[in-house]
Amino acid sequence: MDSLLQQANRMVFVPEAVSALYLYHGEAMLEQVNNILLERPDLSELLGGNPQQMMFDNHRYHFEFMANVFEFQGYDMLVRTVPWVYRAYFNHGFSADYFVAELEAWVSVIEQILAEEGNTIVAVYEFLLDNHEVFVDLAGQHAWDDKVPFFEDAQDAVFYDHLLEGNFAECFAIGRAFLERTGSLERLYLDIFQPAMYRIGRDWEMGRISVAKEHLASAVVMRLLASIYPLLDPPSVDKGTVLVTVAPNEYHEIGAWMVANTLELDGWKTVYLGANTPCADFMNLVRAEKPCLLAFSIAMPFNLRHLKRMIDQLESLSPAERPFIMVGGQVFRLGNRLQKTLGADAYADSCVTAAQTARGWWNKVQ
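Parameters and conventions
- Note that residues are indexed from 1 along each chain, following the sequence as it is written.
- Whole-chain, interface and lining totals are the exception, using all residues; otherwise, since this is a predicted model, local features are given only for residues with pLDDT of at least 70 and side-chain atom pairs are given and counted only at 80 or more.
- Side-chain metrics rest on all non-hydrogen atoms present in the structure, leaving aside hydrogens and water.
- Every definition here rests on a 1 Å grid over the protein atoms only: cavities are sets of points where a 1.4 Å probe fits but cannot get out, pockets are open sets enclosed by protein on both sides within 12 Å along at least five of seven lines, and lining residues have some atom within 4 Å of a point.
- Grid points are joined across faces, edges and corners, and a volume is the space filled by probe spheres set on the points.
- Gly is placed with the polar residues, together with every amino acid not listed as nonpolar (Ala, Val, Leu, Ile, Met, Phe, Trp, Tyr, Cys and Pro) or charged (Asp, Glu, Lys and Arg).
- Secondary structure elements are taken from DSSP: a helix is a run of H or I of four residues or more, a strand is a run of E of two residues or more, and numbering for both begins at the N terminus.
- When checking whether two residues touch, look at their non-hydrogen atoms; a contact exists if any pair is within 4.5 Å.
- For the purposes of this section, nonpolar cores are sets of buried Ala, Val, Leu, Ile, Met, Phe, Trp, Tyr and Cys residues that join through side-chain atoms within 4.5 Å.
- Under the scheme applied here, a residue whose accessible area is under 20% of the maximum for its type counts as buried, over 50% as exposed, and between as partly exposed, the area being computed with a 1.4 Å probe on protein chains only.
- By this rule the span expected of a helix is its residue count minus one, scaled by 1.5 Å.
- Comment: arc refers to directions from the helix axis out to C-beta atoms.
- Following DSSP output, two strands are said to pair if at least two bridges run between them.
- Whether a crossover is right-handed comes down to one check: with the strands pointing away from the viewer, does the path from the first strand over the helix to the second run clockwise; if it does, it is right-handed.
- Think of each axis as a best-fit line through the C-alpha atoms, taken over the contacting stretch in the case of a helix, with angles from 0 to 180 degrees between the N-to-C directions.
- These descriptions rest on fixed angle ranges, namely under 35 degrees for roughly parallel, over 145 for roughly antiparallel, 65 to 115 for roughly perpendicular, and the rest for oblique.
- Handedness of each helix crossing follows the sense of rotation of the near helix against the far helix: counterclockwise by less than a right angle gives left-handed, clockwise gives right-handed.
- Definition used for salt bridges: Asp or Glu carboxyl oxygen within 4 Å of a side-chain nitrogen of Lys or Arg.
- Note on aromatic contacts: the rings of Phe and Tyr and the six-membered ring of Trp form a pair at centre separations within 6.5 Å, being stacked when their planes are under 30 degrees apart, edge-to-face when over 60 apart, and tilted otherwise.
- In this scheme, the term charge over a ring applies when either NZ of a lysine or CZ of an arginine sits within 6 Å of the ring centre and within 35 degrees of the ring normal.

A few words now on empty space enclosed by the protein. In the structure shown here, the tally under the stated rule is one cavity of 30 Å³ or more. Around the largest cavity, the lining residues are Phe72, Gly74, Asp76, Gly335, Arg337, Leu338 and Thr341. Tallied by class, residues from the lining of the largest cavity come to two nonpolar, three polar and two charged.

As structure tokens, this is what we get:
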């Protein structure tokens with residue numbers, strides 16, 4: 001990984017105009033890549049018997065992700081993401097040769113549609129092809145257990161089992177008992193909910209659970225966020241207004257919801273927008289609510305450019321109106337420069353850190 005990251009740091013710069021061309025021709029290139037793969041007689045073996053729609057979805061995710069890589073020059077993000085993608089698809093039956101076939105198809109189509117203007121982009125694809133075996137090896141190395149703490153005790157594992165079953169009543173009982181015992185909503189989020197959702201993601205990646213099970217677990221946690229918070233006494237407001245939202249085209253809102261509740265408990269007037277708010281409506285609400293702080297959550301790297309457009313719109317505000325901008329989410333584990341590139345003032349890696357960062361900024365400006 002270190003060697004790949006060093007190579008990524010020396011990657012050829014993709015000009016902004018070329019990145020825009022890649023994005024402009026995206027639909028046409030997607031169609032051609034799909035057709036190239038569909039013509040392969042060994043397609044079923046490459047897909048491991050999975051439906052073709054899964055391949056089509058991956059090609060679209062690939063295009064959206066690479067468009068963000070080129071726009072943000074996020075080659076460290078690219079290197080860290082590829083092993084995860086390989087591992088997830090391998091565990092769902094895809095062949096390693098599928099990715100070679102896909103990448104070669106992209107090279108062929110880019111050379112045809114973008115011609116010489118696409119040379120810098122082709123160089124990135126050739127880097128992926130040249131290091132394919134390295135990425136395959138990295139995909140076989142599971143780094144979850146030493147990076148993400150799952151469960152502190154047996155009760156946490158029981159919560160996970162009930163969550164996977166969609167048993168809201170039992171999950172609620174465990175959450176309420178934990179809250180009564182500790183008196184800390186933050187600890188409930190960090191010690192029970194967050195590890196369980198990390199493990200849900202890991203188990204999907206490893207092919208142990210289906211997308212339906214993942215969605216079921218997420219739905220139960222969102223019900224818990226809505227039902228456990230009212231058990232607490234209503235907080236008094238002694239700070240300004242904070243607006244919490246999720247990046248456009250982003251549907252992972254559990255982290256943002258935790259941040260909204262935590263900030264509200266810390267005395268902020270909290271406006272929570274949830275997932276996938278259109279940019280125009282977002283700006284109308286900003287002008288109406290006049291928040292002094294904005295908190296954005298983003299999980300998927302292919303949504304970075306959408307979030308950048310949303311943040312860029314804030315430049316239309318006067319300096320006095322511009323809020324403090326805080327970002328968070330799993331995507332920031334992938335790239336070292338993303339916070340600065342997005343134009344954010346701070347990054348928070350959890351709901352607790354978000355509350356601490358917001359409080360520190362508020363105390364400084366008062």
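This part covers the side chain of Lys308. Relative to the helices and strands, Lys308 is located in helix H16 (residues 304–313). Here Lys308 is in contact with Phe72, Thr341 and Leu342, once residues within four sequence places are set aside.

The next thing to look at is the nonpolar core. By size, the foremost hydrophobic cluster in this structure holds 73 residues, and its most contacted members are Tyr22, Phe70 and Tyr125. Counting residues per element, this core draws most heavily on helix H7 (residues 96–114), at 10 residues. Aside from chain neighbours lying at most four places away, what touches Tyr125 is Tyr22, His62, Met66, Phe70, Leu103, Trp106, Val107 and Ile110. Listed in part, the 53 residues of the second largest apolar core include Phe159, Val242, Ala256 and Trp257.

Let us now look at helix H13 (residues 211–228). For H13, built from 18 residues, the straight-helix expectation of 26 Å at 1.5 Å per residue is met to within 8% by its first-to-last C-alpha distance of 26 Å. Listed as buried for H13 are Ala217, Ser218, Val220, Val221, Leu224, Leu225 and Ile228. Down the axis of H13, the smallest arc covering the buried residues is 160°, so these residues share one side. Across H13 from its buried face, at more than 90 degrees, point the exposed residues Ala212 and His215.

This part takes up the pairing of strand S2 (residues 269–274). Examined bridge by bridge, strand S1 (residues 241–246) and S2 share five bridges and lie parallel to one another. Counterpart to Val244 in the pairing with S2 is Tyr272. Since S1 and S2 lie parallel, the crossover through helix H14 (residues 254–265) that links them has a hand, and here it is right-handed.

Let us look at the packing of helix H1 (residues 2–9) against helix H6 (residues 75–91). Packing of H1 against H6 leaves a shortest axis separation of 8 Å and a crossing angle of 150°. For the element pair H1 / H6, the angle class is roughly antiparallel. In the packing of H1 onto H6, the handedness of the crossing is right-handed. Of H6, the residues touching H1 (which contributes Leu4, Leu5 and Ala8) are Tyr75, Asp76, Val79 and Arg80. In terms of residue class, the contact of H1 with H6 is built from five nonpolar, no polar and two charged.

Once that is clear, we can look at the pattern of salt bridges. The tally for this structure, following the rule as stated, stands at 16 salt bridges. Linking Arg60 and Glu27 is a salt bridge whose minimum nitrogen-to-oxygen distance equals 3.0 Å. A residue pair is termed long-range when its members are at least 10 positions apart, and Arg60 in helix H5 (residues 52–72) and Glu27 in helix H3 (residues 26–38) qualify at 33 residues. Taking relative accessible area as the criterion, Arg60 reaches 35% and is therefore assigned partly exposed. For Glu289, the salt bridge is made with Lys269, and the minimal N-O distance between the two is 3.6 Å. Placement of Glu289 in helix H15 (residues 279–289) and of Lys269 in strand S2 is noted, with a sequence separation of 20 residues between them. When its relative accessible area of 27% is taken as the criterion, Glu289 is described as partly exposed. Judged by its relative accessible area of 42%, Lys269 falls in the partly exposed class. Bridged by salt links that share partners, the residues Arg199, Arg202, Asp203 and Arg208 form one connected network.

Glancing now at the packing of aromatic side chains. For the coordinates displayed, the defined rule picks out 24 aromatic pairs. Between Tyr22 and Phe70, the aromatic rings sit 5.1 Å apart at their centres with planes inclined by 85°, giving edge-to-face as the arrangement. Placement of Tyr22 in helix H2 (residues 16–24) and of Phe70 in helix H5 is noted, with a sequence separation of 48 residues between them. Accessibility assignment for this pair places Tyr22 and Phe70 in one class, buried. Ring centres 6.3 Å apart and planes at 25° place the aromatic pair Trp106 and Tyr125 in the stacked group. Remark: Tyr125 occurs in helix H8 (residues 119–130) and Trp106 occurs in helix H7; sequence separation between them is 19 residues. By the ring-pair criterion, three or more aromatic residues cluster together here, those being Tyr86, Tyr89, Phe90, Phe94, Tyr98, Phe99, Phe127 and Phe135. Here Arg199 stacks its cationic end above the ring of Tyr160, 4.3 Å away from the centre of that ring. Over the ring of Phe168 we find Arg223, and its NZ or CZ is 3.9 Å from the ring centre.

Turning our eyes to something else, we now look at the layout of surface pockets. Computed from the structure, the second largest pocket encloses a volume of approximately 210 Å³. Lining the second largest pocket, in full, are Phe13, Val14, Glu16, Ser19, Ala20, Phe70, Glu71, Gln73 and Arg309. Every element with two or more residues in the lining of the second largest pocket is listed here: H2 and H5. Take the lining of the second largest pocket: its biggest share by element is three residues, from H2. When grouped by side-chain class, the residues that make up the lining of the second largest pocket number four nonpolar, two polar and three charged.

A word on helix H18 (residues 351–365). For H18, spanning 15 residues, the distance from its first C-alpha to its last is 21 Å, which sits close to the expected 21 Å at 1.5 Å a residue. All buried positions along H18 are accounted for by Cys351, Val352, Ala354, Ala355, Ala358, Trp361 and Trp362. The inward-facing, buried residues of H18 contact helix H12 (185–205), H14, strand S3 (293–297) and strand S4 (324–328).

Keep in mind these values describe shape, not function.
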